[in-house]
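Spelled out, the chains give:
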Amino acid sequence: CVLTTFFLSFVLNCRFGALERCKELIEAGYDVRQPDKENVTPLHWAAINNRADIVKYYISKGAVIDQLGGDLNSTPLHWAIRQGHLSMVIQLMRYGADPSLADGEGYRGLHLAVLFQHMPIAAYLMAKGQEVDSPDINGQTPLMLAAQKIIGPEPTNFLIKCNASVNAVDKVNRNSPLHCAVLAGNVDSVHILLEAGASVDLENANVSVCLLCVFSLVVVGAIGSVLDMKTESWLLKGVLLACIIAVINLTSRCRLSSNKHADISYIKLYVLGVCGDLNMPRSHDPSATVQMLFTINITALLYYYLRSCRTDPGIVKATEEEKKKNIVVLAEAGCLDPRIFCTSCMMRKPMRANHCFSCNACVAKQDHHSIWINGCIGARNHPYFVLFLVALNFLCIWMFYGSITYWSKHCPPHYTEEGVWGVVTTLTGCSPWVLYIFCFAFLNASWASILLLVQLYQITFLGLTTAERANLMHRQRKLPQAFSLRQNPFNLGVVRNLVNFFQWRCCGLCKPVVLDWTQQYPMGLSRDHPMFSGPDAV
Ligand SMILES: [Zn+2]
Ligand SMILES: [Zn+2]
């Protein structure tokens, strides 16, 4: 009973961190190796409560670092991992704690970190040499545990990123991670595992793009000829249009590819270009200048579109060795926090980089993930994307110009005499095809112009990306004192912002600063500046 009381005071002192009191108790003659009746030692209590000073003192007094104890027969390191105390894990491992020991349930350190979803600890253990596919006592790898026990994509995603084997099987039932996920009904994991397995057969992007272009041309041609058919029956036209829409839907369903959005945008782009193309000669006999300008516009549109798609947006890469080294350095410096470290990529994040969950990568100076190009807009393709938007807006203007000149030549509407409905009837009767193109151009022009204006404002006047601006606006609302978005360290003034963004050079008059944003790491800037100091800051 005396011993129990004695131990209880140990537990309380550990919890509340009274180092002096613990010292007194040890000096009064309590053996630091002496467990209580549940076999728990004082070191276990110090570890679970994250008391670095007390752990240090107990070790100096001869505590056994890998003492098994408690209901689950675990070491102090197991307790610290379950609680997610990274600094304690680091400290215990410095004193020689062994993360490969298994607890009473058969789990090793890495398995526990994954099971309790403490990804920074899992990253640290792997960087310290724990194998990602090491089995526990039951023969299960961490990936199997994640697939079986954790609903949600994060741990599975994380382990796949760390090159965990999707084909490993456990000893007992010969189940693979995919079996585990299916048995547990873990839809997110099933999806990720299938994708990881399927990524071996790389899709042939070029062929699909060519097919899509041909397909879009056929679709546009078909819609055009149906609309302009020499028949009075709108019922027939309606039925034929419905058939075309059905074919488009069926085709897109058959493809079932992951880049469905890109397919749609390719189709849209080609429809736009081709519509413009067909519309121009119809409008009137265009002069050579108009034809040349229009051709330049279309070429620029396609060129900048392909450049935005094909240019690497600035995906941050690191070798396995670099990753491991960074994890150990950052963890030991207490900097393994989400602003500096990406737990999905297991990488140190450069300044202004963001993790994109669609691309599953960290992208340098990420602006946003665009469904138009089915990829991220980042440091390297952002200028191309802005120029693409400029070309797209000009194309819409050409289409308006073509439609209006066509109408003024063939069926000039008289708004004052006919009213709105009269004008619509006249234009529909005149050429449904031209009206269709006009509406199509209007739809595209409305979002493209707004997007372009917002982009230009951010680039020129703020020097920020869309992601950073959204982040700062969010923080602005929380802070008591207001600050202007223009007062940020990346805003160098209108001219310099533009010169740097588009990398303009003009006979020595302007000289852009060339920075590789995948290699710029925060040097106190992002933490010292009041705007960048929050946990969710840029
Ligand atoms: Zn990342
Ligand atoms: Zn992305």
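Everything quoted here is computed from the prediction, not taken from an experiment.

Moving on to the coordination of the zinc ion (ligand 2). With distances of 2.0 to 2.3 Å, the protein atoms coordinating the zinc ion (ligand 2) are C356 (SG), C359 (SG), H369 (ND1) and C376 (SG). Relative to the metal, the four donor atoms surrounding the zinc ion (ligand 2) lie at angles of 101 to 119 degrees, and the coordination shape comes out tetrahedral. One chain supplies every donor for the zinc ion (ligand 2), spaced along it as C-x2-C-x9-H-x6-C. In this pair, C359 is assigned in the loop between β3 (354-356) and β4 (361-363) and C376 in strand β6 (residues 375-377), connecting sequence segments 17 residues apart. Taking relative accessible area as the criterion, C359 reaches 29% and is therefore assigned partly exposed. For C376, a relative accessible area of 2% corresponds to the buried category.

A metal bound by six donors in octahedral fashion has ideal angles of 90 or 180 degrees, whereas one bound by four tetrahedral donors has an ideal angle of 109.5 degrees. For the zinc ion (ligand 1), the protein coordination sphere consists of C342 (SG), C345 (SG), H355 (ND1) and C362 (SG), at 2.0 to 2.3 Å. Here the zinc ion (ligand 1) binds four donor atoms, and the angle range of 101 to 123 degrees at the metal identifies the geometry as tetrahedral.

When the UniProt feature table is mapped onto this chain, "repeat: ANK" (unreviewed entry) is found at residues 38-70, 72-104, 105-137, 138-171 and 173-205. Secondary structure content for residues 72-104 is 52% helix and 0% strand, and the end C-alpha separation is 5 Å. A helix fraction of 47% and a strand fraction of 0% characterise residues 138-171, whose end C-alpha atoms lie 7 Å from each other.

Another aspect to go through is the packing of helix α4 (residues 52-60) against helix α6 (residues 86-94). Two elements in contact, α4 and α6, have axes whose closest approach is 11 Å; the angle formed by their N-to-C orientations is 15 degrees. Compared by their axis directions, α4 and α6 come out roughly parallel. Crossing of α4 against α6: the hand is right-handed. Together, A52, V55 and K56 of α4 and M88, Q91 and L92 of α6 make up the contact between the two elements. Looking at side-chain class alone, the contact of α4 with α6 contains four nonpolar, one polar and one charged residues.

Turning next to the side chain of Q130. Examined against the element boundaries, Q130 turns out to sit in the loop between α8 (119-127) and α9 (142-149). Exposure remark for Q130: the relative accessible area of 17% places this residue in the buried category. Apart from residues no more than four positions distant in its own chain, Q130 is found in contact with P99, S100 and L125.

Among the residues making up α4, those that are buried are I54, V55, Y57 and Y58. Buried positions in α4, seen along its axis, are confined to an arc of 165 degrees and lie on one side of it. Facing away from the buried surface of α4 by more than 90 degrees, the exposed residues are K56 and S60. Trailing α4 by a residue or two, G62 shows a phi angle of about 95 degrees, which is positive.

Definitions and cut-offs
Residues numbered from 1 in each chain as written. Chains lettered and ligands numbered in written order. Predicted model: local features only at pLDDT ≥ 70, side-chain atom pairs only at ≥ 80, totals over all residues. Heavy atoms only, no water. Donors = N, O, S within 2.8 Å, 3.2 Å for Na, K, Ca; no water. Tetrahedral: all angles 85-135°; square planar, octahedral: opposite > 155°, others 65-115°. Helix = DSSP H or I, 4+ residues; strand = E, 2+ residues; numbered from the N terminus. Buried < 20%, exposed > 50% of the residue type's maximum accessible area, 1.4 Å probe, protein only. UniProt positions renumbered as here; feature names shortened; annotations may be inferred. Axes fitted to C-alpha atoms, helices over the stretch in contact; angles between N-to-C directions. Parallel < 35°, antiparallel > 145°, perpendicular 65-115°, else oblique. Left-handed = near helix turned anticlockwise from the far one by under 90°. Contact = heavy atoms within 4.5 Å. Nonpolar A, V, L, I, M, F, W, Y, C, P; charged D, E, K, R; others polar. Arc of directions from axis to C-beta.

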